Amino acid sequence: MKPSDLSNHISQWFDGSGPGADIVISSRVRLARNLGGYEFCPCLNASRKREVLNKLKEIILSLDLGQDMFFIDVDNSSTLEQDLLVERHLISRQHAQAKGPRGAIIAQNESFTAMINEEDHLRIQVFKTGLQLKECWERINQVDNLIEKQVEYAFDPEYGYLTACPTNVGTGIRVSVMLHLPALKMTGQIEKFYNAAKDTNLAVRGLFGEGTDAVGDFFQLSNQVTLGYSEQQIVDEFSGFIVPKIVEYEILAREKLLKAKPDMLDDKIQRALGVLRSARLISSQEALFLLSHVRMGVNLKRLEGISIATINELFMLTQPAHLQMRQGHELDPDRRDAMRAQIIRSRLCQN
Amino acid sequence: MLCQACKERTATIHLTEISGGQRSEMHICEQCAQEQGIVVKNQIPLNELLSSLLSVQAEGQTSGAGPTGMESADDLVCPTCGMSLKKFSKTRLLGCPHDYEVFDEPLRSLIERSQSGHSRHCGKTPSRAPKAMKNHMEVMNLRRQLEEAVKAEDYETAAKIRDQIQQKQ
Ligand SMILES: [Zn+2]
Ligand SMILES: [Zn+2]
């Protein structure tokens, strides 16, 4: 498999079929691990990095995870290929932009990925559609146990798994969900959500685009505390308490909007669809913003004949690197805007 | 959403201000926020923690007989990987597992503060009993010496060190 093989379809975990996927698009659990007897990546020279890379690559590729697994040499990939992997959340931007021997191992259906020599020697992650954090944790725990049979992780009885950044120490676990919260945003309550997250030691960031910008009402919420609780406790609190609370607020906000301002809501949804069906040039930001409204319209049954899978697909496939990979070469922003508009038009006008 | 100030870039900073019972919202980009002197705090103010940590360290040192505080803070260097406390405070990343011992005290307070008071792991443990950290550290030190010996073309020493490493692994 080459990165370019991915540019024409969506990842399975992004297809909107999972439990509660109208609001919780997907779940992810990641573990950070380092090998004992090696410096952490920031102090690891190139030849030792190569050693770590080869060792972990061989071990992980030999595991039987019920999926074909592919290795990608991130160091020798083109910028476009790297960007594509970042857009699909298979590797981090940091991993794409780092230097030196490093790689990624990706399962055929993209439900599992491993980053080798990112900030830590090994970061493994499992993705699932909808709210399925427990299932993600069970799966990644199995994989971690399999790897651990063959390597010695840097571990300290008091601090647990040792990580390059001391804020990940302990379990090294990062539990996160992708959320679609258009009604909270529309009703001006997103600030509350940010503050509540901060108060409970959770991190929020926008899902698409870079930095803290949350274009299109999509957010990624994840835990920050990795020490002092078991993995199971962290997963249970997150998936049994925190996420359901937020989902509840979003549902309330949607109901309130439907009741108080149905015309305003329908107007936003229909205008969004109108623009998406007729625009000839559309930036990725505008597309995200409008697709978000259409997505809510479908979820609230204000629109018919459009599937969530189609909308999710458009989110993923109209990102810059996806468009360029599909075309087979780099495109300037104007060409991308035209191509994006054309893909959206053709997909949404079929319906 | 476009930045209200420059109307060019995307607003990435969203502020709610309440003054005189009036609530107002502001949406601006990072550049404009900087120009207007608005400071936005990180979710985890790691920078702040780190700089306060360094200054605590410095105060502790100046009360003693040592030279100036900051220089003393620099003196805390891991012999295994060469990471210093000062470098760590810039990069936020440690150099090797041994650093958790070398920077024990300052790290402990940093970890407690970023882990809402916790300082003890209670999650899963590797089923394979890890070899003593000490052994790992010794191998790392030997490897460093080996590289130096090879660089100095002292192949006799290099061979000895290589044998020592093999014994330990
Ligand atoms: Zn601006
Ligand atoms: Zn060190």
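Remember, it's a predicted structure, so these values are computed and weren't measured experimentally. (Residues numbered from 1 in each chain as written. Chains lettered and ligands numbered in written order. Predicted model: local features only at pLDDT ≥ 70, side-chain atom pairs only at ≥ 80, totals over all residues. Heavy atoms only, no water.)

Here's the deal with the coordination of the zinc ion (ligand 2)
- Around the zinc ion (ligand 2), the protein contributes the donor atoms C78 of chain B (SG), C81 of chain B (SG), C96 of chain B (SG) and D99 of chain B (OD), which lie 1.8 to 2.3 Å from the metal centre.
- Of the residues examined, C78 of chain B reaches a relative accessible area of 1% and is grouped as buried. (Donors = N, O, S within 2.8 Å, 3.2 Å for Na, K, Ca; no water. Buried < 20%, exposed > 50% of the residue type's maximum accessible area, 1.4 Å probe, protein only.)

A closer look at the packing of helix α4 (residues 133-148) of chain A against helix α7 (residues 231-260) of chain A
Residues and elements named next belong to chain A.
- Contact pair α4 / α7: the axes reach a minimum separation of 9 Å and the direction vectors enclose 160 degrees. Judged by the inter-axis angle, α4 sits roughly antiparallel to α7. Seen from above, α4 lies across α7 with right-handed handedness. Residues L133, K134 and W137 of α4 lie in contact with α7, whose contacting residues are E231, Q232, V235, D236, F238 and S239.
- Across the contact of α4 with α7, the residue classes break down as 4 nonpolar, 2 polar and 3 charged. (Axes fitted to C-alpha atoms, helices over the stretch in contact; angles between N-to-C directions. Helix = DSSP H or I, 4+ residues; strand = E, 2+ residues; numbered from the N terminus. Parallel < 35°, antiparallel > 145°, perpendicular 65-115°, else oblique. Left-handed = near helix turned anticlockwise from the far one by under 90°. Contact = heavy atoms within 4.5 Å. Nonpolar A, V, L, I, M, F, W, Y, C, P; charged D, E, K, R; others polar.)

Thoughts on the interface of chain A and chain B
- Counting from both sides, the interface comprises 55 residues of chain A and, opposite them, 47 residues of chain B.
- Roughly 4,500 Å² is buried in total at the junction of chain A and chain B, and carbon and sulfur atoms are behind 54% of that figure.
- Run the count over chain A and chain B and you get 2 salt bridges.
- Its salt-bridge partner being D144 of chain A, residue K124 of chain B comes within 2.6 Å of it at the nearest N-O pair.
- Remark: the boundary between chain A and chain B carries 16 residue pairs in polar contact (both at pLDDT 80 or more).
- Those elements that place two or more of their residues in the side of chain A that touches chain B are α4, β7 (160-161), α6 (190-199) and β9 (202-206) of chain A.
- The element that contributes the greatest number of residues to the side of chain A that touches chain B is α4 of chain A, accounting for 5 residues.
- The class makeup of the residues in the side of chain A that touches chain B is 22 nonpolar, 20 polar and 13 charged. (Buried area = accessible area lost by both parts, 1.4 Å probe. Salt bridge = Lys/Arg side-chain N within 4 Å of Asp/Glu carboxyl O. Polar contact = N/O pair within 3.5 Å; in protein donor to acceptor, adjacent residues only side chain to side chain.)

Things to note about the side chain of D120 of chain A
Residue and element names in this part refer to chain A.
- In this fold, D120 is placed in the loop between β4 (112-116) and β5 (122-129).
- Within the structure, the side chain of D120 is placed 2.8 Å from the backbone nitrogen of A164, a separation counted as a polar contact.
- Beyond its immediate chain neighbours, meaning those up to four positions away, D120 contacts A32, R33, N34, C41, T163 and A164.

Side note on the environment of G206 of chain A
Residues and elements named next belong to chain A.
- Positionally, G206 belongs in strand β9.
- The exposure class of G206 is buried, given its relative accessible area of 0%.
- Residues G206 and L221 lie 15 residues apart in sequence; the distance between their C-alpha atoms is 8.9 Å.

Quick notes on the pattern of salt bridges
- All chains considered together, the criterion is met by 20 salt bridges over all chains.
- Overlapping salt bridges, with partners in common, bring together E118, E119, D120 and R123 of chain A in one network.

Some details on the domain arrangement of chain A
All names here are of chain A.
- Looking at chain A, the domain boundaries give domain 1 (3-254) and domain 2 (262-348).
- When each unit is reduced to the centre of its C-alpha atoms, the spacing between domain 1 and domain 2 is 26 Å.
- Taken together, the contact between domain 1 and domain 2 spans 31 residues of the former and 25 residues of the latter.
- Buried area between domain 1 and domain 2, summed over both chains or domains, comes out near 2,500 Å², and the portion from carbon and sulfur atoms is 70%.
- Contact with domain 2 buries surface across domain 1, with L80, E87 and M186 losing the most and accounting together for 26% of the total. (Domains from an automatic or database assignment.)

A word on the sheet that holds strand β3 (residues 103-107) of chain A
Residue and element names in this part refer to chain A.
- Spatial strand order, β2-β3-β4-β5-β1-β8-β10-β9: 8 strands in an open sheet with antiparallel pairing. Each of the sheet's edge strands pairs with one partner strand only, and the pair in question is β2 (69-73) and β9. On average, each strand axis in the sheet is tilted by 20 degrees relative to the strand beside it, whichever way the strands run.
- Inspection of the sheet shows strand β1 (residues 24-33) paired to strand β8 (residues 173-180) by 7 bridges, in the antiparallel sense. Pairing of V24 across the sheet is with L179, part of β8. (Pairing = 2+ DSSP bridges.)

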